[in-house]
Amino acid sequence: MKLCRYGPKGAEKPGLVDADGQVRDLSGKVDDITIASLTTLAGVDAASLPVVEGSPRYGVPVAGIGKIVAIGLNYRDHAIESNLPIPTEPMMFMKALSSLTGPNDQVMLPKGATHGDWEVELGVIIGKTCRYVDKAEAMDHVAGYVLANDVSERFNQKQRGTQWSKGKGHDTFCPVGPWLVTPDEVGDPQDLAMSLDVNGDRMQTGNTKTMIFAVDELISYVSEYVTLEPGDLLITGTPPGVGEGKKPEAIFLKAGDTMTLSIDKLGTQTQAVVAWAHPRTGAAA
């Protein structure tokens, strides 16, 4: 199944995307798309659901994400372009929940940003509690997969001490969606093509098969250090082609840019980049 949450921010409704790409309203079946509601939706007849007219906004496709655990440098060529050693163990960091946003919502650069960057990533939504999970059993704990953009501000990430979260957790820096796609529809998560364009120019082209650490290994590893709860989001790293790695000169995001990213079977996102403005008053930096 492809499940979504659609409608205005803060008032999203549950939806299902049918084989023709139409959004169907699930409000008569469940109150929201959560891990608990997935059992209720098993076997639902899409054709029996009302069609949602028009082109509604997509929100984050699952409600109740409790934390975002991210993996850095999980593609060899990305580590090389970042001038960093190839990891011998997964590199973990956290992104703030306040960075979550819909897949096509605006990405707002923080005040004074000079090094905004992009990262197309496979996201894993956890379906069952993971605590010291064996690699052989890890995939039984997956509820589904999502497309994510691990937006970064590289100066804050790398020049403001050792805490990557400083450059990773800004508001709007984790667009997710458009859909939560269940494992039966995705198949092998280690063979998904992925791409990202900025202003129509291809920046990233990759495939999850080139990960250093595969999804099952990541879930098992992370569960040794952080208990993963149902609904948590694990993002798994990005292939080469990020802005800071461009030659002969790095390319960084600026207001007016547009990012478009895709992963096979998980859909497409498009985000307009805007300058920082106060969330209540709209006043610029």
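Note: the structure precedes this text.
So, a few notes on the structure that sits alongside this text. None of the values given here were measured: they were computed from a predicted structure. (Residues numbered from 1 in each chain as written. Predicted model: local features only at pLDDT ≥ 70, side-chain atom pairs only at ≥ 80, totals over all residues. Heavy atoms only, no water.)

### A word on helix 6 (residues 215–222)
No. 1: Within helix 6, 6 of the 8 residues are buried, leaving the element largely enclosed by the surrounding structure.
No. 2: Looking only at helix 6, the buried set comprises Val215, Leu218, Ile219, Ser220, Tyr221 and Val222.
No. 3: The elements touched by buried residues of helix 6 are strand 4 (68–72), strand 5 (91–95), strand 9 (120–126), strand 10 (142–149) and strand 16 (233–235). (Buried < 20%, exposed > 50% of the residue type's maximum accessible area, 1.4 Å probe, protein only. Helix = DSSP H or I, 4+ residues; strand = E, 2+ residues; numbered from the N terminus. Contact = heavy atoms within 4.5 Å.)

### Let's talk about the environment of Arg131
No. 1: Assignment of secondary structure puts Arg131 in the loop between strand 9 and strand 10.
No. 2: Those residues in contact with Arg131 that sit more than four places away from it in its chain are Ser223, Thr227 and Glu229.

### Things to note about empty space enclosed by the protein
No. 1: Enumeration according to the criterion identifies 1 cavity of 30 Å³ or more in this entry.
No. 2: Counted as a void, the largest cavity has a volume near 90 Å³.
No. 3: Around the largest cavity sit 18 residues that line it, and Leu73, His78, Glu119, Arg154 and Trp164 are the ones nearest its centre.
No. 4: Only strand 4 and helix 3 (154–158) provide two or more residues apiece to the lining of the largest cavity. (1 Å grid on protein atoms, 1.4 Å probe; cavity = no way out; pocket = protein on both sides within 12 Å on 5 of 7 lines; lining within 4 Å. Points joined across faces, edges and corners; volume = space filled by probe spheres on them.)

### Remarks on the sheet that holds strand 14 (residues 193–198)
Where strands meet in a sheet, backbone hydrogen bonds hold them as pairs that are either parallel or antiparallel.
No. 1: A sheet is described by the order of its strands in space; here 5 strands give the open sequence 7-18-17-14-15, paired in mixed fashion. This sheet does not close on itself; its edge strands, each paired only once, are strand 7 (107–108) and strand 15 (201–207).
No. 2: Taken together, the 6 bridges between strand 17 (residues 258–263) and strand 18 (residues 267–274) define a ladder with antiparallel strand orientation. Paired with Met259 across the two strands is Gln271, which belongs to strand 18. (Pairing = 2+ DSSP bridges.)

### Description of the pairing of strand 14
On a regular strand, one side chain projects to one face of the sheet and the next to the other, so that they alternate.
No. 1: Of all 6 residues in strand 14, 5 are buried; the element is thus mostly enclosed.
No. 2: Relative to strand 15, strand 14 is paired through 6 bridges, and the arrangement is antiparallel. Within strand 15, the residue paired with Val198 across the bridge is Asp201.
No. 3: Note that strand 14 and strand 17 share 5 bridges and pair antiparallel. Note on strand 17: the bridge partner recorded for Ser195 is Ser262.

### Quick word on the pattern of salt bridges
No. 1: Per the stated rule, a full pass over the model turns up 15 salt bridges.
No. 2: For Asp105, the salt bridge goes to Arg57, with nearest N and O atoms at 2.8 Å. A residue pair is termed long-range when its members are at least 10 positions apart, and Asp105 in the loop between strand 6 (100–101) and strand 7 and Arg57 in the loop between helix 1 (37–41) and strand 4 qualify at 48 residues.
No. 3: What makes Arg57 partly exposed here is its relative accessible area of 24%.
No. 4: The salt bridge partner of Lys254 is Asp257, with a shortest N-O separation of 2.9 Å.
No. 5: What makes Asp257 buried here is its relative accessible area of 4%.
No. 6: A cluster of three or more residues bridged by salt bridges with shared partners is formed by Lys95, Asp117, Glu119, Asp150, Arg154, Lys168 and Glu244. (Salt bridge = Lys/Arg side-chain N within 4 Å of Asp/Glu carboxyl O.)

### What about the nonpolar core?
As a rule of thumb, soluble globular proteins bury nonpolar side chains together.
No. 1: Core analysis: the biggest nonpolar cluster contains 47 residues, and Leu122, Val124, Ile219, Leu234, Met259, Ile263 and Leu266 have the highest contact counts within it.
No. 2: The set of elements that each furnish at least two residues to this core consists of strand 1 (2–6), strand 4, strand 9, strand 10, strand 14, helix 6 and strand 17.
No. 3: Contact partners of Ile263, with chain neighbours within four places excluded, come to Val120, Glu121, Leu122, Leu147, Leu192, Ala193 and Met194.
No. 4: If you look at the next biggest cluster of nonpolar residues, it comprises 29 residues, including Leu49, Val60, Val62 and Leu100. (Core = buried A, V, L, I, M, F, W, Y, C linked by side-chain atoms within 4.5 Å.)

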